[in-house]
Amino acid sequence: YRPGLLLLRSWDHVVYDSFCAVVGIIVLSAALEGYALRKLTVVERLLAFAAGFAMVVPDTMSDKIGLGLIALLAGIQLWGRHRRNVRAGVNAAGQ
């Protein structure tokens, strides 16, 4: 239960609670869909589920954990995307 989502607190709490809820739902939907910046592996999907649920739970510590997991997931996704592009460039140059 987040009172800010019901507009029962100050505007800064409303913005913070809304941000956490929206980010959590976006990450949960990416986990359900199986795609973020690229197709998610099984481990990445589990990581996305954990991050999304941590963001939705109404606790500041779980929000921090969720943001950390999202940052980790984004790093893994970007690294895998970069690695794929480098391989494609090497294959194209080698032909």
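Note: the structure precedes this text.
Residues numbered from 1 in each chain as written. Predicted model: local features only at pLDDT ≥ 70, side-chain atom pairs only at ≥ 80, totals over all residues. Heavy atoms only, no water.

Any chance you could explain the overall build of the protein here in plain terms?
Along the backbone of the protein there are three helices and zero strands. Element order for the protein, N to C, with α for helix and β for strand: α-α-α. Taking 12 Å as the expected radius of gyration for a compact globule of 95 residues, we find that the protein reaches 17 Å, considerably beyond that expectation. Going through the 95 residues of the protein one by one, you find that 31% of them count as buried. Of the contacts formed within the protein by residues at least 6 apart in sequence, a portion of 52% connects residues at least 24 apart. Here the protein displays about 6,400 Å² of accessible surface, and carbon together with sulfur accounts for 70% of that area. Taking the 10 positively charged and 6 negatively charged side chains of the protein as two groups, their mean positions are separated by 14 Å. (Helix = DSSP H or I, 4+ residues; strand = E, 2+ residues; numbered from the N terminus. Rg over C-alpha atoms; globule rule 2.2 N^0.38 Å. Buried < 20%, exposed > 50% of the residue type's maximum accessible area, 1.4 Å probe, protein only. Contact = heavy atoms within 4.5 Å. Areas by Shrake-Rupley, 256 points an atom, 1.4 Å probe, with all protein chains shown as cover. Lys, Arg positive; Asp, Glu negative; His and termini not counted. Charge placed at Lys NZ, Arg CZ, Asp CG, Glu CD.)

Before we go on, may I ask you to explain the pattern of salt bridges in this structure?
Side chains that differ in sign of charge can pair as their charged atoms come close. A complete count under the given rule lists three salt bridges for this structure. Arg2 serves as the salt-bridge partner of Asp17, at 3.3 Å between the closest nitrogen and oxygen. Here Arg2 lies in the segment before helix H1 (11–33) and Asp17 lies in helix H1, a separation of 15 residues in the sequence. Here Asp17 and Arg2 have matching classes, each one buried. Glu44 is paired through a salt bridge with Arg38; the nearest N and O atoms lie 2.9 Å apart. (Salt bridge = Lys/Arg side-chain N within 4 Å of Asp/Glu carboxyl O.)

So what exactly am I meant to see when it comes to the nonpolar core here?
For soluble globular proteins, the rule of thumb is that nonpolar side chains tend to be buried together. Core analysis: the largest hydrophobic core is formed by eleven residues, namely Cys20, Val23, Val27, Ala31, Leu40, Leu47, Ala48, Ala51, Met55, Ile70 and Leu73. Those elements that provide at least two residues to this core are H1, helix H2 (42–56) and helix H3 (60–94). Contact partners of Cys20, with chain neighbours within four places excluded, come to Arg2, Met55 and Asp63. (Core = buried A, V, L, I, M, F, W, Y, C linked by side-chain atoms within 4.5 Å.)

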